[in-house]
Structures are given as C-alpha cells and as structure tokens.
Amino acid sequence: MATDLMEIDDSLYSRQRYVLGDSAMHQMAQSSVFLSGMGGLGVEIGRQYLMAVTLHDTKQCETWDLGSNFFIRKEDVLSQRRRVEAVCPRVAELNPYVHVDMSSSALDDNTDLGFLRRYQCVILTEARLSLQKRVNEFCHSQQPPIRFISCDVYGICARVFCDFGEEFEVFDPTGEEPKEVFIQTFLQKIQHIHFDNPGVVTCMDNQPHGLQTGQSVVFREVGGMVELNGTSRQVSVLSSHSFAIGDTSQLQPYTHGGFFVMVKTPKMYRFETLERQLCDPRVLTPDFSKPEAPLQIHAVKFPYQISTFYLPASVNTELVRCLSRTARGILPPLAAAVGGLASQEVLKAITGKFAPLQQWFYLDAIEVVKPLQPLSAEEFSPRGDRYDGLRACIGDSLCLQLHKLRVFMVGCGAIGCEMLKNFALLGIGLAKSSGEVCITDPDLIEKSNLNRQFLFRPHHIQKPKSTTAAEATRDINPDLQVEAHLNKVCPATENIYNDSFYSSLNLVVTALDNVEARRYVDSRCVSNQRPLLDSGTMGTKGHTEIIVPNLTESYNSHRDPPEEEIPFCTLKSFPSVIEHTIQWARDKFESAFVHKPSMYSSFWQTHSSAEVVLQRMQAGESLEGSFQVIKLLSRQPTQWDQCVAIARLKFEKYFKRKALQLLHSFPLDTRLKDGSLFWQSPKRPPTPLEFDLKDSLHFAFIVSTARLFAGIYNIPYSERDLSEEAITRILADVKIPEYRPSEKCIETDETAKKPDQIKMPLSSEEERDAIAHLEQAIATDRVTPERLRMSPLQFEKDDDSNGHMDFVASASSLRAIMYSIEPADRLKTKRIAGKIIPAIATATAAVAGLVALELIKVVGGFGFESHKNCFFNLAIPVVVLTEPAAVKQTLIRNNIYYTIWDCWTVFGHEDFTLSDFMNAVREKYGIEPTMVVHGVKMLYVPVMPGHSKRLKLTMHKLIKPSVDRRYVDLTVSFAPEADGDEDLPGPPVRYYFSPDGETP
C-alpha cells in the first residue's frame, strides 16, 4: 500500500478490498490527511487509515486520558509525555505500509494555514469553533478544495460535520457493486421484452429487479433483439418485476434469453461551509422516536449561530440539562461509534466512493443519563482517576457496578477486539472489585486479521486470538481481570459453560459470524435468564441487538430466510452465472481432497484388515463405502508423475468430455415439449475445451490439481517438478482414452437433490469389480499401512502457497469459459469460494461502541424504553435506532400466559414420582399436564403403550441424572379446552431433584 507500489497486499487487505475496491485503495495509498486532536475521538479516527497521516496535538498526557485514549499508558502520564508522542508510534505500529508523522506546533487563530495545502483532507477534533470556521474557510477556498471534517464528543453527545467543497463527485454512491448482493438483485434473466414504444422488460419468474426510475442498464445475450446487446438504456419502473426502456419498435423481434446489469452513474454532491451550515443545518436523523433531537442539540451547542427559522419551537429542557451536566465528560463507546462514522467519511473524502454525509450528524445517549438525574452532584465529581471522564457522565455508583461486572464474551475477532477496548476504557471486570471478563475463541491469528482486529500485531500471527487479546486488553487497562479460553461454545463444551457458569455472569456478549453459534448462546442465556448483547457487520453495514430477560424477544425469536441453494442439476450440468462455476469448483475440491480421503482413512480405521474385508464381501456382506474405497485404492498414485497424469485426465473429463456428453444428450437443436429450444437462457450450451499447455489457465489447473493429489497421497515433489518443462515431459507420455458417448440420463429437474454415492446400491457387476480389484491389490502387495492412509486437506483460502485457491480459481475459470460465462478474477473467486464476509474497521468500531452503550443501560437496570437496537450503513450513510422487540406473551388458556423467558419450577425429592410431578404442576399453575418430554426422550405420552405404568416410577429412575445434576428442563404439554383439540404448549418446567434445589 505504499504510494510508489500499486500492488495491494491481499493477505492483509482482502476483506477491506471487498468493501472499497482496488481503485479506492490505490487513491488512499497516494493521499495524506491531517488529523488534529489526540483525545478519545481523535485516536478512534487516527487508527483507521491506509494513507499517510499527520497526527497533531499540543497537550500533555493526563490521568483523565487513560479513560478515553486506548493508546496512552500510565507511564506516559507519569513522564508527562505529549499525547501525540505517545500515540504516534502506536498508530504507526498498526500498519507497516502507512507513513505516520506527528506535529505539536500551535494551531490557532494566528497560524499560517498554508501548510494544509499538502493534504487532501483535514480533520479537526477538540478545536474551538472559531478555529474550525477559519480552517474550513481555508479548505473550502482551495482549488481543488481540501475536504474538511470536524467532530467532537461532549459527554453524552457527539457530532460530525463534513464539507467536501462546492462540487464533489462520487463515482459509486452505494458501494453495492461488485458485491454478490448486486448480482443477485440486479443481474436477472429477461423473460420478455415487449416489441413496442416504449419497450417493456419483464423479469423471469417475476423476480424483483430492484431498479429505480432514472437508472440505466446494459443488456447482454438478448436473443432476436440483438441491437440491445451492449447498449445502455434508461429505465422507467412499472412494477417490481417490469420496467420500460424506451422505443424498441424499430428493433428486430425479441425471441429469448438475455440479462441486464445496472450501470453505476456518478453523482455530484454540493457542500456549504461551516459558517453557512451553522445557520441552516442539514442533519441526518438517527432516531425517529425523537426526530427533533439533532436540531435541539445543534441549538444547544451553537445558540448564537442558528437561524431563527431553524430554531426549535421549544427547547427540551431535560436534554439541555443532561447535555450541560455531562459536557465536560466523555463516554468512550460514544467516541467509538462516532469515530467509526467519521473515519468512513474521511475514506469517502479521499476516494469519492460512497455517498458523503450532508452535512451534520448528531448522536446522543441521553437514555444513559435520564434515569440518573435524581443523583447528587457528588456522584459525578472527579476522583482523580482514569474514570473521571466516564464518571462525569454516568456517576460513581454506575462506574462501580461496571467494575464489578462479570461478563462472558464469545469471539475475539474484529468486534471482539473492539468490545475489549471498550471494556478496558469503561473499567469492566476489575480484579479488585471481584469483576471478570471471560473470553473464548478457538481460532489462531492470521495475517488477514491484522487489518481490522486492532489488538493484534504481525508478531502475534499464529498465536491464539483469545489469549493475545486478553494480554492486549490488560495493556490498555492493567486492572482488568481477563480470563481467556480456547473453546468453542457449543453442546460439546456444556460441561464447561454449564448453568452454574451462566448463573455467575451478569451478561453475555456475542462477537461471532456463525449464526448457529449465536443461536446456541442465545438459548443458554434465555434458559439462565441472562442479558445478551449481539451485533454483526457486513462491509459498511452493521446491526446491534439488545436482549434483556423479561423485556425483549430473544435472538432466536426471529430467523432470516434460509440461503437459497443452487439446484444440483445447475451446478452439475447447466451453470449460467459465475457463482455456479465457483461453487462447482469448490465442491470438486471438497469431494476429491476432503471427503474422499476422510472416508478412505475412516474405512480402514474401522476395517484394519483388507483380507477380512475381502472375505466379508465375498460372503455377500455389504460394507458401506467399500466400493468407493476400493476404487481409490486401485487407482492410488505413488509418484509425482502419476499425480500429473491424473490432473491431465481430470482436465479431459471436466472440460471436454462433459461438454461432448451434454451436446450428445441434448444437441443444439433440441426442443422441449412446448416447442421452445432446450438451449436457451438461462441454459448455456457448452463448448469442449482442447488442452493447451501453453495456456496459463490450463497449466495452472494441471499443477494445482497434481499438487493437491500429491498432498492427500503423501507424495513428495520439488519446485523443479512444477516447471513447465517438467510438466511437458510428463504429459508427453500420458495417453488420453478415446471418448465414447454414454446413454446415461442427465438430470434436468431443478428440484432433484444430489444423490449420496456411498448409500446408493451397487450393481452385481460393480460388486464383482470391487472384489476383483481388492484381490489384485492384496496379491500384488499394494495393501500396506502407508497405502491405507490418506491425508484429507482443509480448504484454506488465505494461504496462497498451498494451491487451494489455484485449483478453485483455475477450475472455475475453465468451466466458465466452457459455458461462455465471463470468468471472475481471483479476488472475487476467493470471496465466493471462501464465503468471505467483507469487513472494514470503521463499521466494527461503530457497532462495538453502540453495543457498549447498551451494556451501560443493562448494568444500570434501565427500563425497556431506554434500550435501542441499531441498523446502519456507513456507505449511504444511514443510521437507524429503534426500540427492541418487546417480549410477547403467549396464551395457554384461562388467562394463563407465558413468555420465552418463563420457566416454571417444581421441587422434588428422591421418592418423587412422575405422578407427583404432574400433580405438582397442576396444583401450582392451575393447568393439567398431558405429556412430559426430556430432550428427545418421551417420559410420558398417554397414548403410548406402557406409559401409564410410568406414573408410579420416580423421576430419578426415569431421568437417571448424573450425580452432580441439580435439575432438568422438561417440555410439558397441557390439556386443551375442548376434547379433540391439540395439546397446548407451555414454558419449560424445571424439575429440581431436591427440595432446596441443591445437588441431591
């Protein structure tokens, strides 16, 4: 990323490249910014950049700074070091490609501002209004204008202001292209184009096109109306699945197929100076439950500047009181949230990508301090420690509650690192207060993590995330008690993270991408009545969800629609877009280099003697997987030359014979029953590829495939073996069998599922062949311990040296060429094949800050109306704060309700019978139990034979609990109001094995 080097280090920046694109990354590498103010907000902004930056500050480190500036240490305060001197080397350490300068020169009303001309963007924090105006006027007057941003945090309020000049062109306002979302939303097959003026396009299967009137599209592969192909047409939307494109009456008649792609058009934005905007502000409203808040805050902050036209009709005195009371303090999570947004605006200013903020953004956390107003002024007075800035906002008592907090955080990736930074600044889980932060993550640090997981440095690569993050967190605040684990949180670790563990916690935080893991953690929190704070990001988008016992719904209360699967027949024979060929290549990798080697090794671990296997097969016994295993054994290579030969035969099979077979089964003139052509969009007829070793794509496929086969068969090779000369020599001796077409049926049903080859019945001929092959292997001494072992691979997308992505990229591109699909570059292929979620540090900082604000409210025990969920997209930009979903009450009957948080309880004893249990439920809760289930075991179902006898059995005998088990949660159904109706569901019933609920 150096200015004289245009090649981007993909191993470090790949996730960010998917968000910004290479053009924007190159622009950043050639730009420089000036950032003034190294307080809590300044360092949040300063650490985000991939461009040269000058950090400016004139102040010395103070104890106060330790509570908001995560780059200042206690020794910096004791040595009276300048803030910029403490911060600069730690910012520089984040990114070896970025040049970081520092300055402590005076910047005031008398400073000559000419030095700012060498910067493309200037950011001011902690600056007086008069200086902001002066610097802004200077930047606005330059040609081209210097982009100007000013921002600050005052207690519970933060603001951002942007001025990018009178004309600021944005080449991509949304950033949705070239994301996969773009392809799914806008790349649609055309069902019909109306031959008229205006011509009307209808999307296939009434799929929504997602277009807006005025946008333009480019058409490709349109049949009949060929004049449209490659042309751009402006659209006029008629419905969600149809639009007009102007006059098509002079074109040839439309026959079939085609698709369109939305064209990105640049947009011009106009900005006014700070002086003008103070009077007539344009503000972004984040919380529509209080739409007046931004202008109210603006009026409070700049009372003598705002125009009477914009002055709110009535000033909210409560807001004024809260702002005034906390203005001298700082809420670190608020600085993080606004710092993320401000940093994204800097990237926009430099790159011209994404719609800029116009022009003010205010974010307040008044809900944090509203309930604290009755407290005395003494609560908010400074104590001379690192928490004085926080204390000025939330009071001493709430600070002490944070210190005592016991938190469990699952995941130490990008959001996890940001959360730990917030924990350190807030003093969450201090050892001296008996608090603790327990974190767990099984992953090791990879180079690609360093770009956005800011607690990690290059020397941490291949070290555990959790222990490294714990150490880095204690470096920010040595008083924190952080315990690090390397476990997954799943049913397999329930003995570690059991009910007693959850009962010891105050709250749980999930910082995970894995949806199923989040659902599991949520279920454990609901079961144990613990608050959960969840969040996630995708590129510039982020969301937070607050889950509070008895107040809100849980994470499991809502489910995203399942990801749409590509039909099996499409993947196997009829790809139409590049995603299909990439998934096909990924599946081939999984089948050949993961699944088959795993199955092979597992089979021979179960059946250690080939002779015994042969005897059992000769006796007619069916051994699952034996046919596939013996096939692998009989074809097993032992030398590098054989691996190359296998790769060449795979090329012939995948990219020539497959095409020949399809064209044999479905000639180009094949027609369906309705008379339409079989080969029409979205089906693409394949073209057989002739092997050419001089073609770099062909060569890449042969080498990568041979390497992977050598890997699973434990066959050594040298660098010289990978040369074109060596490969050419080997391939000269490879005989390609003559192609003979098969009459085997090719699946065309899109609802058909992939068959399980292992469980498919064998024909008698296949059984005879397998027995003969195994007999021959035994007779020729090829059944040795070494040959009964294979080494499965694990797909690793970020290691360019292992050949995994070489195989997927070359195989996908060759298949795309075979089907006349435009191949994807390696970067896009890697994203789709590796299921990479685009990520950028600005979004993770913002989302973690918003979560930490909610954490304070949870610890304070604030009411439902205080909590906020958030969705944002920093690209547009939009920030939406909403109330969480209130917990729903479900009626059982007779005014008996329950919620997801309810758990009925019954206390038993050693002789407590199932009948006693049912009577206890009826007497305590006024409703008749009809069925009792423990996990998957049905303890009592009246219609089941013999179950009535179980009523006399003890609960101990029926459940058979472990010695240390205190209780079990049972699923109980209840009698309906009328005979013939279905049984009624209810909450889980927790049965304790002893009267006092302790271990029996």
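Cut-offs and rules
- Residues numbered from 1 in each chain as written.
- Predicted model: local features only at pLDDT ≥ 70, side-chain atom pairs only at ≥ 80, totals over all residues.
- Heavy atoms only, no water.
- Patch = residues over 30% accessible without salt bridge, like charges linked within 9 Å, V, L, I, M, F, W, Y side chains within 5 Å.
- Areas by Shrake-Rupley, 256 points an atom, 1.4 Å probe, with all protein chains shown as cover.
- Salt bridge = Lys/Arg side-chain N within 4 Å of Asp/Glu carboxyl O.
- Lys, Arg positive; Asp, Glu negative; His and termini not counted.
- Charge placed at Lys NZ, Arg CZ, Asp CG, Glu CD.
- Helix = DSSP H or I, 4+ residues; strand = E, 2+ residues; numbered from the N terminus.
- Buried < 20%, exposed > 50% of the residue type's maximum accessible area, 1.4 Å probe, protein only.
- Axes fitted to C-alpha atoms, helices over the stretch in contact; angles between N-to-C directions.
- Contact = heavy atoms within 4.5 Å.
- Nonpolar A, V, L, I, M, F, W, Y, C, P; charged D, E, K, R; others polar.
- Arc of directions from axis to C-beta.
- Polar contact = N/O pair within 3.5 Å; in protein donor to acceptor, adjacent residues only side chain to side chain.
- Pairing = 2+ DSSP bridges.
- Right-handed = clockwise from strand over helix to strand, strands pointing away.

A. Molecular detail of a positive patch on the surface. A cluster of basic residues, Lys-572, Lys-596, Lys-631, Arg-635, Lys-653, Lys-744 and Lys-754, forms a positive patch on the protein surface. You can see Lys-572 is positioned in helix α19 (residues 568-572). For Lys-572, a relative accessible area of 43% puts it in the partly exposed group.

B. Structural context of the packing of helix α11 (residues 332-351) against helix α15 (residues 414-426). Two numbers describe how α11 lies on α15: the axes approach to 9 Å, and their chain directions differ by 145°. Contact residues: Pro-332, Pro-333 and Ala-336 in α11; Lys-421, Asn-422, Leu-425 and Leu-426 in α15. Within the contact of α11 with α15, the residues separate by chemical class into 5 nonpolar, 1 polar and 1 charged.

C. A look at helix α21 (residues 610-618). Taken residue by residue, α21 has Ala-610, Val-613, Leu-614 and Met-617 as its buried positions. Projected down its long axis, α21 carries its buried residues within an arc of 100°, all on one side.

D. A look at the side chain of Thr-54. With respect to the helices and strands, Thr-54 occurs in strand β2 (residues 52-56). By relative accessible area, Thr-54 is classed as buried at 8%. Here the side chain of Thr-54 touches Tyr-119 through a polar contact of 2.8 Å, side chain to side chain. The residues contacting Thr-54, other than those within four sequence positions of it, are Val-33, Phe-34, Leu-35, Asp-101, Met-102, Ser-103 and Tyr-119.

E. Just the pairing of strand β19 (residues 436-440), in detail. Counting buried positions along β19 yields 5 of 5 residues, so the element is predominantly enclosed. Side chains Glu-436, Cys-438 and Thr-440 project from β19 onto one buried face, and the interleaved Val-437 and Ile-439 project onto a second face that is buried too. Strand direction decides the pairing type here: strand β18 (residues 406-410) and β19, joined by 5 bridges, are parallel. Note that in β19 the partner of Phe-408 across the bridge is Cys-438. Chirality of the crossover, the property in question, places the unit of β18, α15 and β19 among those that are right-handed.

F. Local environment of a negative patch on the surface. There is a patch of like negative charges on the surface, built from Glu-977, Asp-979, Asp-981, Glu-982 and Asp-983. Here Asp-981 shows up in the loop between β31 (967-974) and β32 (989-992). For Asp-981, a relative accessible area of 46% puts it in the partly exposed group.

G. Spatial organisation of the pattern of salt bridges. Taken as a whole, this structure holds 50 salt bridges when the rule is applied. Note that Glu-272 is salt-bridged to Arg-276, the shortest N-O span being 3.7 Å. Residue classification places Glu-272 among the partly exposed residues on the basis of a relative accessible area of 27%. With a closest N to O distance of 3.0 Å, Glu-418 and Lys-421 form a salt bridge. Here Glu-418 and its partner Lys-421 are both found in helix α15, 3 residues apart, which amounts to about one turn of the helix.

H. Molecular detail of the sheet that holds strand β23 (residues 541-547). Spatially, the 8 strands line up as an open sheet ordered β20-β19-β18-β21-β22-β23-β24-β25, and their pairing is mixed. Only two strands of the sheet have a single partner each, and these edge strands are β20 (482-485) and β25 (878-882). Strand after strand, the sheet turns through a mean of 10° between neighbouring axes, direction not considered. Summarising the sheet, β23 and strand β24 (residues 869-873) pair through 4 bridges and their orientation is antiparallel. Along β24, the bridge assignment pairs Gly-542 with Phe-872.

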